[in-house]
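Residue strings, one per chain:
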Amino acid sequence: MSKKGLLLVNLGSPKSTSVNDVKEYLGEFLMDERVIDYNWILRSLLVKGIILNTRPSKSAEAYQKIWTDAGSPLIVVTEKIKNKLQNIIDIPVEIGMRYAEPSIEHGISKLVEQGVDKIVLFPLYPQYAMSTTESVIIKAEKVRKEKFPFVKINYIEPFYKKDIYINCLVESIRDKFSNDFDGLLFSYHGIPERHIYKTDPTNTCNLSDCCDREFNPSHQFCYRHQCFETTNKVIEKLNLSREKTIVSFQSRLGKDKWIEPYTDSTLKALPSKGIKRLAVVCPAFVSDCLETLEEIAMEGKEIFLDNGGETYEYIPCLNDNDSWVHVIKTLCEEKIDDFYLL
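Notes on the structure in this doc start here. Just so you know, these numbers come straight off a predicted model, no measurement behind them.

Hydrogen bonds between backbone atoms are what pair the strands of a sheet, whose relative direction is either parallel or antiparallel. Spatially, the four strands line up as an open sheet ordered β2-β1-β3-β4, and their pairing is parallel. Each edge of the sheet is formed by a strand with only one pairing partner; in this case those strands are β2 (93-99) and β4 (152-155). The sheet shows a mean angle of 30° between the axes of neighbouring strands, taken without regard to direction. Of the strand pairs in this sheet, strand β1 (residues 4-12) and β2 are connected by six bridges, and their pairing is parallel. Residue Leu7 lies in a different strand from β2, and its bridge partner there is Glu94. In the packing of helix α5 (residues 130-147) onto the sheet, contacts are made with β1, β2, β3 (118-123) and β4, and the angle to β4 comes to roughly 175°.

With that settled, the discussion passes to the pattern of salt bridges. A complete count under the given rule lists 21 salt bridges for this structure. Its salt-bridge partner being Glu24, residue Lys15 comes within 3.9 Å of it at the nearest N-O pair. Residues Lys15 and Glu24 agree in their burial class; the two are exposed. The salt bridge involving Asp256 is made with Arg194; its shortest N-O contact spans 3.0 Å. With Asp256 in the loop between β6 (245-250) and α9 (263-269) and Arg194 in helix α7 (residues 193-198), the pair connects residues that are 62 residues apart, well separated along the chain. Asp256 sits in the partly exposed class, given a relative accessible area of 32%. Taking relative accessible area as the criterion, Arg194 reaches 23% and is therefore assigned partly exposed. Residues joined by salt bridges that share partners form a network here, namely Asp37, Arg194, Lys198 and Asp256.

Definitions and cut-offs
- Residues numbered from 1 in each chain as written.
- Predicted model: local features only at pLDDT ≥ 70, side-chain atom pairs only at ≥ 80, totals over all residues.
- Heavy atoms only, no water.
- Pairing = 2+ DSSP bridges.
- Helix = DSSP H or I, 4+ residues; strand = E, 2+ residues; numbered from the N terminus.
- Axes fitted to C-alpha atoms, helices over the stretch in contact; angles between N-to-C directions.
- Contact = heavy atoms within 4.5 Å.
- Salt bridge = Lys/Arg side-chain N within 4 Å of Asp/Glu carboxyl O.
- Buried < 20%, exposed > 50% of the residue type's maximum accessible area, 1.4 Å probe, protein only.

Okay, structure coming up:
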């Protein structure tokens, strides 16, 4: 008899805030060819020869600012989601991380130990990108073929514009945002511009008006379009004016051109444009982590206030909110039903 199970996959985190553990994590993360998409030799020279000799100590200090007694916020939150979900769904639930532990292989193995041979795998990324969703799928398929060839996997597609997700996101923003703010900043994780072109099956992307076209086959793989689509749907449901909303992209690495505008530059400029009371949300993330807690909630606030801002409110990710857990349940049950068609 076949048995179904659910695997939630998030980005991952170092085991601790020690420089060695952070270096090990960054090494695995940055050597992923879908994160730094240079050829292996150039990627190795860049990552092992430069980045891993300079960045781990700085990143370790950043992790120390957000680390909890229970460990990495991202891991802790994902575990909480798993436990809440297990209480309301009648199939086994496990978690895996794209990088570090618990790995995707570990998560699949835990499900197989419970008799599971059909897995719904949920990459916890609202928007599609080659460095996130695609990387998870490629890794999971590699693990499945090498270690668990009898297992079938259904993957949950990006959910950036699904009403059930948008409604959940809107309510989380509404709890913190009011008319007292001059603006609401949507800060999405950045990616290099070349990633947009690489994932475009039509080879027609121009990083300008094509994102606004109503029908475009590249939209299902275009991270930039999906970020704007999420933003537009949230703005519409919150009934916000366009003058009050801003979109930017954070966390760029290296000197290559990344999609713009950049969050740090935007935060510097907003006070001079009359936006002195600002709320910030990060809809590329469903779980708070280094990029939201340290880069946006701490560094972003400092940048904004140092440049003339007066009020700065970081709106937390969905984390383990009950409403978000129910969204996950609903999206997963739709994919579980797909197995009956196989």
